[in-house]
Amino acid sequence: MRFLLGTVLKVRKLREDIAKAEAAAAQAASHRAATDFARREAALAGRPEPGTAEASQWLAARAALLTMASDVAVAREVAVARDADAAAAMARFATTRREREGVEDLAQRQKEAELREREAAEQREADDRAGARLFAAREDQP
């Protein structure tokens, strides 16, 4: 039983390490996406509206603004998706941590039970020796 728990604990620790790495990567991706969104949004906010220039220049400037606005919208969607991915990865990490802790608790209880059993066996052995000595001492008396 103890060997099995040790193996299960190693597997659970490995799964936790993998989930931790995935969560860190997802959080980094979320941060990059949020930074990209903020950068694009700031660039759009800093662009002035087209003035009253020639129609072709006005249309080109308006098209550039619309393209930038579209890029900002896409960057926001990406940021929201990456944030959701990070939250899901953190939830998986928390689950694997609880699973590992559960197996560790079980292994600790098993270890303590084995220790109690060993101590009880040693006590029984000591009691048996003391009883045998007492019995031998009674038989030696006339």
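Above this text is the structure in question.
Reading guide: rules and limits
- The residue numbering used here restarts from 1 in each chain and proceeds along that chain's sequence as written.
- Only residues with pLDDT of at least 70 get local features here, since the model is predicted, and only at 80 or more are side-chain atom pairs given and counted; chain-wide, interface and lining totals rely on the full set of residues.
- Calculation of side-chain values draws on the structure's entire complement of heavy atoms; hydrogens and water are dropped beforehand.
- In this text, helices come from DSSP runs of H or I with a minimum length of four residues, and strands from runs of E with a minimum of two, each type numbered from the N-terminal end.
- Throughout, radius of gyration means the C-alpha value; the globule benchmark is 2.2 Å times the number of residues raised to the power 0.38.
- In this description, contact between two residues means that some pair of their heavy atoms is separated by no more than 4.5 Å.
- Here the Shrake-Rupley method, with its probe set to 1.4 Å, supplies the accessible areas, and only the displayed protein chains count as covering residues.
- Note that His is not counted, nor are the chain ends; the positive residues are Lys and Arg, and the negative ones are Asp and Glu.
- By convention, the point assigned to a charge is CZ for Arg, NZ for Lys, CD for Glu and CG for Asp.
- The nonpolar core is taken to be a set of buried Ala, Val, Leu, Ile, Met, Phe, Trp, Tyr and Cys residues, with the residues joined through side-chain atoms within 4.5 Å.
- Under the scheme applied here, a residue whose accessible area is under 20% of the maximum for its type counts as buried, over 50% as exposed, and between as partly exposed, the area being computed with a 1.4 Å probe on protein chains only.
- Salt bridges are identified by distance alone: a Lys or Arg side-chain nitrogen within 4 Å of an Asp or Glu carboxyl oxygen.
- Pairing of N or O atoms within 3.5 Å defines a polar contact, subject to two protein rules: one partner must be a possible hydrogen donor and the other a possible acceptor, and residues neighboring in sequence count only if both atoms are side-chain atoms.
- By this rule the span expected of a helix is its residue count minus one, scaled by 1.5 Å.

## Focus: the overall build of the chain
Then, in step 1: Helix and strand counts for the chain come out as two helices and zero strands.
Then, in step 2: Compactness check: the chain gives a C-alpha radius of gyration of 35 Å against a globular reference of 14 Å for 142 residues, more than 25% above the reference.
Then, in step 3: When contacts within the chain are restricted to residue pairs at least 6 apart in sequence, long-range pairs at least 24 apart make up 82% of them.
Then, in step 4: Element-wise, carbon and sulfur atoms account for 57% of the exposed surface of the chain, whose accessible area totals about 10,600 Å².
Then, in step 5: Taking the 25 positively charged and 25 negatively charged side chains of the chain as two groups, their mean positions are separated by 2 Å.

## Things to note about the environment of Ala88
Then, in step 1: Relative to the assigned elements, Ala88 resides in helix α2 (residues 55-140).
Then, in step 2: Separated by 62 residues in sequence, Ala88 and Ala26 have C-alpha atoms that sit 8.9 Å apart.

## A closer look at the nonpolar core
Then, in step 1: Ranked by size, the top nonpolar core spans six residues in total: Ala19, Ala23, Ala26, Ala86, Ala89 and Phe93.
Then, in step 2: Listed by contribution, the elements that provide at least two residues to this core are α1 (2-45) and α2.
Then, in step 3: For Ala19, the residues in contact, after removing those within four places along its chain, are Arg92, Phe93 and Thr96.
Then, in step 4: Judged by nonpolar contacts, the second largest core, of five residues, contains Ala33, Phe37, Val72 and Ala75.

## Quick look at the pattern of salt bridges
Then, in step 1: Tallied over the full model, the rule gives 11 salt bridges.
Then, in step 2: Put simply, Asp71 and Arg40 hold a salt bridge, and the shortest N to O gap is 3.8 Å. Of the two residues, Asp71 sits in helix α2 while Arg40 sits in helix α1, which places them 31 residues apart along the sequence.
Then, in step 3: With relative accessibility at 34%, the residue Asp71 sits in the partly exposed group.
Then, in step 4: The exposure class of Arg40 is partly exposed, given its relative accessible area of 28%.

## Regarding the environment of Ala69
Then, in step 1: By secondary structure assignment, the location of Ala69 is in helix α2.
Then, in step 2: With 25 residues separating them in the primary sequence, Ala69 and Leu44 have C-alpha atoms 6.7 Å apart.

## Some remarks on the side chain of Arg100
Then, in step 1: By the secondary structure assignment, Arg100 is in helix α2.
Then, in step 2: At 2.7 Å, the side chain of Arg100 and the side chain of Glu104 are in polar contact.
Then, in step 3: With sequence-adjacent residues up to four places away left out, Arg100 is seen in contact with Leu9, Arg12, Lys13 and Glu16.

## Some details on α2
Then, in step 1: Helix length check: α2 (86 residues) gives 126 Å between terminal C-alpha atoms against 128 Å at 1.5 Å per residue, within 8%.
Then, in step 2: Three or more residues of α2 are buried, namely Leu65, Val72, Ala75, Ala79, Ala86, Ala89, Phe93, Thr96, Arg100 and Val103.

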